[in-house]
Each structure stands twice: as structure tokens, then as C-alpha cells.
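Descriptive analysis of the structure
The lines below spell out each chain.
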Amino acid sequence: MRLELRGITKRFPGVIANDAVDLVIEPGEVHGLLGENGAGKSTLMNILYGLYAADEGEILIDGQPVELREPDDAIAAGIGMVHQHFMLVPVFTVAENIVLGVEHTRRFGKLDRRRASREVGELAERSGLPVDPDALVEDLPVGIQQRVEILKALYRNAQTLILDEPTAVLTPQEADDLFEAIRAFTGEGRSVVFISHKLGEHRAIADRVSVLRRGRIVGTADPRETSEQELANLMVGRPVSLVVDKPPGSPADPAIEVRGLTVENAAGTVVVDEVSFDVRRGEILAIAGVEGNGQSPLVRALTGLQPIASGEVLIAGEPVAGRSRKQILRGGVGQVPEDRGRDGLVGEFSVAQNLILGRWDDEPFTKRQTLQFDVIGAHARQLVEAYDIRTPSVDTPAASLSGGNQQKVVVAREFDLPIDALVASQPTRGVDVGSIEYIHERIVEKRDEGTAVLIISSELDEVLALADRVAVMFHGRLVGPFEMPVAKEAIGSMMAGTDPELAMARGGER
Amino acid sequence: MSGSPPPDEAPQGGTDPATPDAATHADQAPERDGSSTATLTEDERAAEIAAADERARDQGTIGLEAGFAERFVAAVTGTSVLVTLLAFVAAFVVGGIVIALSDGATQQALGYFTARPSDTFVAAWEVVSAAYVALITGSLGGRSQISETLVSATPLILTGLAVAVPLRAGLFNIGGEGQVIAGGMVAGLIGFSFPGLPLVIHLPFALLGGLLAGALYGWVPGVLKQRTGAHEVITTIMLNNIGVLTSAYLLSTLLFRVPERTDPISRPVAESATLPRFVPELRVNVGIVIALLLGVLIFWLVERSAQGFELNAVGLNPHAATTSGMDPGRTVMRAMTVGGALAGTAGASVILGVQGRITTGFSAGLGFDGITVALLGRGRIGGTVAAGLLFGALKSGGRSMQAQTGTSLDLVLVIQALIIIFVAAPGLVRAIFRVRAEELTTAQVAKGWGS
Ligand SMILES: Nc1ncnc2c1ncn2[C@@H]1O[C@H](COP(=O)(O)OP(=O)(O)OP(=O)(O)O)[C@@H](O)[C@H]1O
Ligand SMILES: [Mg+2]
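Within chain B one finds 20 helices and 0 strands. Considering chain B as a whole, with its 451 residues, one finds that 55% of them fall into the buried category. Within chain B, contacts between residues separated by at least 24 positions form 78% of all contacts whose residues are at least 6 apart in sequence. As presented, chain B carries roughly 18100 Å² of accessible surface, and 66% of it is formed by carbon and sulfur atoms.

Shown next as C-alpha cells:
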């Protein structure tokens, strides 16, 4: 199937998300889509998937113009899409989710479970995306949930598969598996549109890369003949440096002290197991690890969101336990939550409102209990300028910003004030290279102001770029911290839990 | 819809279209120019952008993951003005059809429709326009009509706000009825138990008593939700029943009852606790001023204050609110308390301003009407006040419509119900008026400050 987009234009209030975009997706190719945050990648794909109507332009399939008014039309035309936010029913099994809407029923409309399960199992096998058809979706890690999403599209016989930042939630190993599956898929003459901010991935998987800048296609490149640096420059429109230069820090006294911290989940299972470490003012400690090894509960316990089962956390010398969250935060803790849509932003609130989310009742934003809109607006405009947040105005609802720009809103808010401690989870998830450079520089700046910085990241490159010391979390336990430099491979193998040192640390348990 | 009579000019003439609109203006930003932001405002694009801005004020996005409460709040507060207005027009058109079909002359003409269709239309037009004209003149046609409109609107504004405030915190306050009863009972009790107090003490005392009783009655489900997570819809329904039954019992005791009579009617409220009228012969009284002043106060509280910021954040995304150091439980409890206080004041205004004594069933569904009012007001404060005035007009206009044209008062209820159905079902409105989906989506709305 040959897909052609001709002169697609899409306007949103205050922005032209797509500006006369021409794009051809040939059968059998992996077409990479690269562009800064807010460049219009997701919008373009949502148009192709029938979620948005284009203001101008047309879509052709094998030379025939088609009208895609809703996703059902797109699916019928052989287009499948996996969004960054999955749309699965958590209490259904994998098979049920996949056949949902196109299921075979027996008499009295009863779902033919056995048949669904068998078909899904075969499909998974064939397409190199193994998954247990009878597992409940809510029990599956994100990486597998994504497989389910892909299988859902394949089950509907997609000829072109759109993957919007599929690797943002995957471990490197899972990403490799995904690439395998993509190759198998396109080997049969079908095509894939692949969106990612990671230049290396485009070089690994894409046959062609189209670069979007501010809604326009600014170039198409053969990723095998173009360096990452060239791709980055094309995308941002200026030379970007892909490595932060980080002068050595000058660590002082510890501002985050964690002693024998144990955290249990709601079911009473230990998810953080006797973890101890310090983060000193003026240093960056990075905790690496595959997601789901206890990082989230660790962070939640540090900032008072989750009760501590045993052990102690001190921030700037004060115990966290027994204080309200408001007291902890206003006492000088900045936080970048890992799920910005859920925990970091109120989507319907404007950018300006989101920029005061943690300080809404503080002077100067509130005086005599009354919100000071002029101050709030001015504050927002200043941060929007300083952090290069691409938004039509400070009154735009945060949910309508592109993913990366939402992240910048969170970062701008949390970095704006002097703080003792900064706890940042996946601070650059979904952020383009230019902005990663920028956010990393700000993090180093924060460190040099004398903040104790704790970074939680599953992104090895990020850990290597930022850390003064590194630790690894595995199965709720902490390995390290070690002084940098530590070899990338060593961290990688510790993340997989196979390092001998780790085996030693966990020796008593199993 | 080709066969229906042309939509009346009547409903568009005076009251309605202005109201929801005014509400949005009130909600709007003191400063809305985001011109200095770092954006894509190349000069050549400016014009296009302005055009798109106009069109897509109510733009939907693929929502963030949201729970039911959040989606519900977003759906209600996110309904566009356009939908509300269209819902309105649609409700009156369908209402007109109902009037016509229930009219004897039209039914007769319909009998030979194929022979002379024009007769049907003429008959329908006559009865429908007569009914709607009566509705308008009955609510706005003169001093006493306007007075009656304001009298009806007073408690509706308050119970509407009693639903709107918790709604903004993500709560559905079904308990207005019980809170009205609590407020009216206590206000009345104070009103007749202390004869001889001067008005400046007695009236505020009685009003405050009603307010606090309602607040307490709203606090209970609030604190239950905060402490135990008990769903407010369940608890407030239960509290409504408790309120109805308890008040019926109390009215039969000597604490309330007139000693020499046996029927469940309380002693009359003393002159010194009665809401003064502006003109002796018109029933409109200070209650409407109190309701509007409370409206202004609540507008400040919800749209302009730090508390309101917290309230809205909790209603829209409790996770992010918690992460930012807010306290959803406390916010929920406060929102219900404020809602209860407003409904309690509504009860007090009815007893102290209009009825003068407490009877069983004095609340007459005011608490439930409040839900309708708040939904039509899209959960916004200005919109709710406007919707309260409008429903007040419908109520008093409906009475004179029934008197003058024989069209049943129930038609007003039908129209109210239709408005809500159309507001709640934007898809329906969209289908009828063929408005593009993107212009109407309810998920997210580009809102100005304070919304
Ligand atoms: N529903 C919407 N309403 C209003 N504006 C929108 C909406 N969706 C996207 N936009 C705007 O359109 C532009 C393009 O957004 P889009 O999500 O397509 O970017 P993107 O290239 O996918 O960025 P990212 O890499 O950050 O995900 C942005 O400026 C965004 O603010
Ligand atoms: Mg995107």
C-alpha cells in the first residue's frame, strides 16, 4: 500500500501544526519522522488516522483519494496507529482487548474466548511479538502493553502501522525486540511510520527520515548516510551539541539522606528494600534501572507521597515523615514526576496556571487570598520565554501542548526557585534533542547553585551525561552508588541484575 | 424537521441567549494577550492564526488519562456556549411540537393533513406562539411578573450554586434537597422562636442559622468522603431521605407545630425575621439581593481565589493536585460544606421570604432543580446564576402560560428536561445542527483565566 499525504494543513488556536505537508510512505519501508517538540508529528499522524480533520489537503491510498473521517475509516483502509498513551481496557485479557470491536461471537452474542485466544496467540507468534493471550492487561508491564497495542492493529490487518514514540517507554532490550518485529512486518511489503526523538533509533531502523520543523517538512534524509549530528542540526535548524559539557561539581554537605528505607505497596509487598544513600549539595546522583524496579515508590516515599515502612528520609536535615506534602515541598524540594500527564499537570488548566501549580497560594501569586492574575501571567510569560516553551499563549490549556512542551512546563516550574533538593524522574522523556540539551544544562546549573540533584532515569545515555555518581536499582534494592566514570556496559549489566557485584549484594536473599 | 412550525422568535427575544454568553464573559481573562510568548508568530501567519483562534475556541484534544469524576467535570464545564445555545433552541422547538401535538385544534387539523396541510401548520403556529408569548409576558411582561420571576429565581440560584461548587471539585451534590430542608427548618425555628428581637439582629440570626444548618448537612457527606471515601451520591441521597422524614416528624412536634392545630404546619415566622420586600404589594424581597451577593462571593471564591485554584485543580486532576502539595480530601470536604451552606440559605430564603411558615414538602424539589440549573450553567458560577434567573423566569412564566392558554405547567418541566438532555448530549445537538465535531468536543476547552 502506498500512502500519500498532499498539502496537509492543520491549524489550532494560535498555531499552524501542519503547514502544507507532503509525505509519501512507500510499501515496504520504515519511514522515520523526526522533529522538535511541537513540530506537528503527532498531529500529522492523527490526521492520517482519522482523529483530526485536516483543514486543507488530501490523502491518497495507491493513488486514490480517500476520506478518513474517523479512526474506523482509517482502520478499514488498512492504517493502524499506536499512541503514546495506550487505550487498552485494563481488566480485560490480552486477547479480549485485541479482538474488542471485531470479535467473533457465538450464540446469544457470547464472546468466543477460545477462538480469540487461539487467534491472538498465533498472530503474536507469527509477528514476533510474543505475549500471553490470556494475561490480564493490568498485570503487564508497559513494554508488553505496547505489544498488545501493536497486535491490535495487526489483528485488524493494518498495512501501514503508525508508531508514535514507541520506544519512549521501552528498555533497550525491548526496543531491539520491537525493531525485529518491525523488520519482519515491513519484510512482507507493509510499511511503518516511526516517530522517535532518539536519533540513533532512526539510524537503526528507518529507511528514510523526514524532518518536520514548525509544521513544515524541511528535508528527507537517508539515515544510513547521515550522521546523528547532521540529523539534529536539520531538525533544530541550528547546530546542537549532543553532549553536555559538565565541569566537575563541588559537593558539600548532604541535603538528601536516606537511611535503611523500606517501602511497601498497598498489598504489603516490599518494593523498596533497605535502601540507603546520600545526595550532597552540588552533586548529581543518578539512579539507573529498568522501570518497575522500585524507583517510583522510592521517589514517592522521598517526597512524602507514600508512607515509609521503616527507615528514614531527611531532606535538608529535616525528616520527611510527619510533615505534610505541602510542608515538604515548600521546604525546598523540586520534583519532576515520571508521568507528567497524570501527576505533573492539570491538562485543562492553562500553561500559566500550571506554572504555579506547586505555589498557587504563595506570594506574589496570591495576595489576601486572591489570585494575582497579572503577576501569574507575567511569571508565565517569563518562564515560557526562558524555557522556550512552544505555546500559542500562556492561556492555552496545557493538554493541547505537544508532549515535549508539556515536559518543559513541568521543568520550568520546578527549576524556577532555589531549592535544596531536586528529585527528577525521567526528566527528558519525550523531549527532543535540542530540549534535552537545554534541560540537561539547567540540571547542571541547578547542581552548581548548590542543589542536591537526584535523577531517576532508565535512559543510559542520560545517566552517563549527567551523573557525578551513579547507582542502580534492581528488584527494590540499590547497588552503589559508585563514583563516575563507570562504563556504560557495567551499568547496563547491573540494570539487568547480572553483574557479579549485584549477585554478591543479593546473595543472602535467594 | 421540515414539517415543524418555524422556530418562534419569542424565546430568542429577551431572556435566553444572552445569559450563558454573559457567563463566559464574566469568566474571562483580565489579560488575554499572549503576544510576547516565544511562539510561531511569523507575520504572514498572524491572520490565519486569528481565524483559527475564533473557530477553535472549543477545541478537543485527545485527553489525558482521566477518571470518571474528572471526565464528568470536564464534560460539564467543557460544554461550549454554542452547544448550550443550540440545546436551548432545540428544546424550545421540540417543546413547541409537544404543545402543538397536545392541542385539540391541531390534532383535528392533523386528521385531514394530507388534504390541507396548511391548516395543521396554522393551528400549530397559533397555539405554540400563544403559549410562548404567554411564557414571555408571564415572566417579564410587567412589574409583578418580574417580581415573581425574581422570587422563583432566588432559591434556584442558590441551589444551583450548591451543586456547581462541589461539581468543580469533582463531586456530584445530589443532596441539595436535604440541605434546603435543613436550612429552612432551622431558619424558620429561629424565625418564630424569638419574637420581639429587633430586625437587625433577628433576621441575620435566622439567615445565618439556616446557612449553618445547610453547611453542616453538606459537611457530613464531605467528611465521610474525605475520611472513608464513601461516595457522595449515595450519602447525599440518604441524607435527603433523612431530611424529609425528620422534618415531617419535627413539624408534628410542639417544637414547631402551632399548639392549637394538629396539621404539620409550623408557627409563622415573626415580622422581625422576615426578608423585607422592596414594595409592599410585590413579593420580591431582599432574598434576591442576598442570592446575587452570594453569587459574587462564590464567583470570587471559585474563579479568583487561591482556594478556588485548589478546588479546580482537585476537580480536574486529583493526582497532579496531590503531587503539588494540595489536599484533595480537605478540598472535597470544604466544597461540600460550601455547597450545603448555599442550599441551606436557599431554604432560609424560601421560609423567611415567601412562605412565612414551614410546611411538609416546602422544599418542593428545589435541590433537584439546582442540579439542572448548575448543568445548564455548565458548572460555571456566572453561568449558574444566569441559569437560575432563567429557570425562575420559566417557572413564573409557565404559571401564567397555564392560566392564559391552558398549556400545562408541565410543559416548562419538559422544556427544562429537554435543555438538559441536549446539553448533556452534545452528539445529539451536533447531529441536529450538523456542527463539526471539533467545534463541539467536550474534552478540553481553551479557557481564559479563572475557569
Ligand atoms: N488538540 C490540540 N489543540 C490545540 N493545539 C494543539 C492540539 N494538538 C496539538 N496542538 C498544537 O499543535 C502543535 C503540534 O503538536 P504535536 O503534538 O503534533 O507535536 P509533536 O511534533 O508530536 O511534538 P512532541 O514531539 O512533543 O510530541 C503544537 O504546537 C501543539 O501545541
Ligand atoms: Mg507527539
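Chain-level pLDDT for chain B is 79 on average; 76% of the residues reach the 70-or-more range. Scored below 50 in pLDDT, residues 436-451 of chain B makes 70 contacts in the model with residues more than four places away or belonging to other chains.

The next subject is the domain arrangement of chain A. Residue and element names in this part refer to chain A. Domain annotation for chain A reports domain 1 (3-236) and domain 2 (254-332 + 418-507). Each of domain 1 and domain 2 has a C-alpha centre, and these two points are 33 Å apart. Tallying the contact residues gives 12 residues for domain 1 and 9 residues for domain 2. Between domain 1 and domain 2 lies a buried interface of about 850 Å² when both sides are counted; carbon and sulfur atoms form 59% of it. With its nearest N and O atoms 3.5 Å apart, the salt bridge here joins lysine 198 to glutamate 459. Counting across the interface, domain 1 meets domain 2 through 3 residue pairs in polar contact (both at pLDDT 80 or more). With 3 residues, helix 8 (residues 228-236) is the largest single contributor of residues to the side of domain 1 that touches domain 2. In terms of residue class, the side of domain 1 that touches domain 2 is built from 5 nonpolar, 4 polar and 3 charged.

All right, on to unusual backbone geometry then. With the exception of glycine, most residues fall at negative phi, and the peptide bonds are largely trans. Residues and elements named next belong to chain A. Cis geometry marks the peptide bond from glutamate 363 to proline 364, where omega comes out at -5 degrees. When you line up the elements, proline 364 lands in the loop between helix 12 (351-354) and strand 17 (366-367). That bond from methionine 484 to proline 485 is cis: its omega, 0 degrees, falls within 30 degrees of zero. Checked against the element boundaries, proline 485 lands in the loop between strand 22 (477-483) and helix 17 (488-495).

Here the focus is helix 13 (residues 306-316) of chain B. By the criterion of burial, helix 13 of chain B is predominantly enclosed, with 10 of the 11 residues buried. Among all positions in helix 13 of chain B, only Ala306(B), Gly308(B), Phe309(B), Glu310(B), Leu311(B), Asn312(B), Ala313(B), Val314(B), Gly315(B) and Leu316(B) are buried.

Before going further, it helps to spend a moment on the pattern of salt bridges. All names here are of chain A. Inspection of every chain in the model, using the stated rule, returns 47 salt bridges over all chains. A salt bridge links glutamate 180 to arginine 183; the nearest nitrogen and oxygen atoms lie 3.4 Å apart. Of the two residues, glutamate 180 and arginine 183 are both situated in helix 6 (residues 172-187); the distance of 3 residues between them amounts to about one turn of the helix. Linking glutamate 483 and arginine 280 is a salt bridge whose minimum nitrogen-to-oxygen distance equals 4.0 Å. Of the two residues, glutamate 483 sits in strand 22 while arginine 280 sits in strand 12 (residues 270-280), which places them 203 residues apart along the sequence. Salt bridges here are not isolated pairs; linked through shared partners, they connect Arg2, Glu4, Arg6, Glu26 and Glu58.

Okay, the sheet that holds strand 2 (residues 15-25) of chain A next. Residues and elements named next belong to chain A. Pairing in this open sheet of 4 strands is antiparallel, and the strands run 2-1-4-5 from one edge to the other. One side of each edge strand has no neighbouring strand; the edge strands of this open sheet are strand 2 and strand 5 (64-66). Strand-to-strand twist in this sheet, taken as the mean axis angle between neighbours without regard to direction, amounts to 30 degrees.

A word on the confidence of the model for chain A. Do not read the predicted coordinates in detail wherever pLDDT is low. Residues and elements named next belong to chain A. Scored by pLDDT, chain A comes out at a mean of 87, with 95% of its residues at no less than 70. Confidence, expressed as mean pLDDT per element, reaches its minimum in chain A at helix 18 (residues 500-505) with 46 and its maximum at helix 12 with 96. Low pLDDT, under 50, characterises residues 503-510; the predicted model gives this stretch 6 contacts beyond four residues in sequence or across chains.

Glancing now at the environment of Arg469(A). All names here are of chain A. In this fold, arginine 469 is placed in strand 21 (residues 469-474). Residues arginine 469 and valine 411, spaced 58 residues apart in sequence, show a C-alpha to C-alpha distance of 22 Å. Once residues within four sequence positions are removed from consideration, arginine 469 is found in contact with Asp278, Val279, Arg280, Glu283, Ile284, Leu285, Ala286, Pro481, Phe482, Glu483 and Met484.

A word on the nonpolar core. In terms of nonpolar packing, the biggest core is built from 83 residues, with Leu352(B) and Leu376(B) touching the most fellow members. Sequence-distant contacts of Leu376(B), defined by excluding residues within four places in its chain, comprise Thr84(B), Phe88(B), Ala387(B), Leu390(B), Phe391(B), Ile419(B), Ile420(B) and Val423(B).

Next up on the list: the pairing of strand 7 (residues 160-164) of chain A. All names here are of chain A. Across the 5 residues that make up strand 7, a large majority, 5, are buried. When strand 6 (residues 79-82) meets strand 7, the two strands line up parallel, connected through 4 bridges. By the bridge assignment for strand 7, glycine 80 is matched with leucine 161. Judged from the 5 bridges that link them, strand 7 and strand 8 (residues 191-195) form a sheet pairing that is parallel. Across the sheet, the residue bridging to leucine 163 is phenylalanine 194, located in strand 8. Regarding the hand of the β-α-β motif, the stretch spanning strand 7, helix 6 and strand 8 is right-handed.

Bringing the pairing of strand 13 (residues 284-288) of chain A into the picture now. Residues and elements named next belong to chain A. For strand 13, a buried count of 5 out of 5 residues is recorded, marking the element as mostly surrounded by other parts of the structure. Burial along strand 13 is two-sided: Ile284, Ala286 and Ala288 and Leu285 and Ile287, pointing in opposite directions, are all buried. Of the strand pairs in this sheet, strand 13 and strand 20 (residues 452-457) are connected by 5 bridges, and their pairing is parallel. When the bridges of strand 20 are listed, alanine 286 appears paired with isoleucine 455. In this sheet, strand 21 lies alongside strand 13 in parallel orientation, the contact comprising 4 bridges. Bridge pairing links alanine 288 to valine 472 in strand 21.

For the rest of this paragraph, the subject is the environment of Ser350(A). In this structure, Ser350(A) sits in the loop between helix 11 (340-344) and helix 12. In the structure, Ser350(A) is positioned 49 residues away from Ala399(A) in sequence and 8.5 Å away in space, judged by C-alpha atoms.

What follows concerns the packing of helix 7 (residues 117-140) of chain B against helix 17 (residues 381-405) of chain B. Residue and element names in this part refer to chain B. The geometry of helix 7 relative to helix 17 is characterised by a closest axis approach of 7 Å and an angle of 125 degrees between their N-to-C directions. Taken together, the axes of helix 7 and helix 17 are oblique relative to one another. Considering the relative orientation of helix 7 and helix 17, their crossing is right-handed. Contacts between helix 7 and helix 17 involve Ala130, Ala131, Ala134, Leu135, Gly138 and Ser139 on the former and, on the latter, Ala393, Leu394, Ser396, Gly397, Gly398, Ser400, Met401, Gln404 and Thr405. By residue class, the composition of the contact of helix 7 with helix 17 is 7 nonpolar, 8 polar and no charged.

Cut-offs used in this document
Residues numbered from 1 in each chain as written. Chains lettered and ligands numbered in written order. Predicted model: local features only at pLDDT ≥ 70, side-chain atom pairs only at ≥ 80, totals over all residues. Heavy atoms only, no water. Helix = DSSP H or I, 4+ residues; strand = E, 2+ residues; numbered from the N terminus. Buried < 20%, exposed > 50% of the residue type's maximum accessible area, 1.4 Å probe, protein only. Contact = heavy atoms within 4.5 Å. Areas by Shrake-Rupley, 256 points an atom, 1.4 Å probe, with all protein chains shown as cover. pLDDT = per-residue confidence, 0-100. Domains from an automatic or database assignment. Buried area = accessible area lost by both parts, 1.4 Å probe. Salt bridge = Lys/Arg side-chain N within 4 Å of Asp/Glu carboxyl O. Polar contact = N/O pair within 3.5 Å; in protein donor to acceptor, adjacent residues only side chain to side chain. Nonpolar A, V, L, I, M, F, W, Y, C, P; charged D, E, K, R; others polar. Pairing = 2+ DSSP bridges. Axes fitted to C-alpha atoms, helices over the stretch in contact; angles between N-to-C directions. Core = buried A, V, L, I, M, F, W, Y, C linked by side-chain atoms within 4.5 Å. Right-handed = clockwise from strand over helix to strand, strands pointing away. Parallel < 35°, antiparallel > 145°, perpendicular 65-115°, else oblique. Left-handed = near helix turned anticlockwise from the far one by under 90°.

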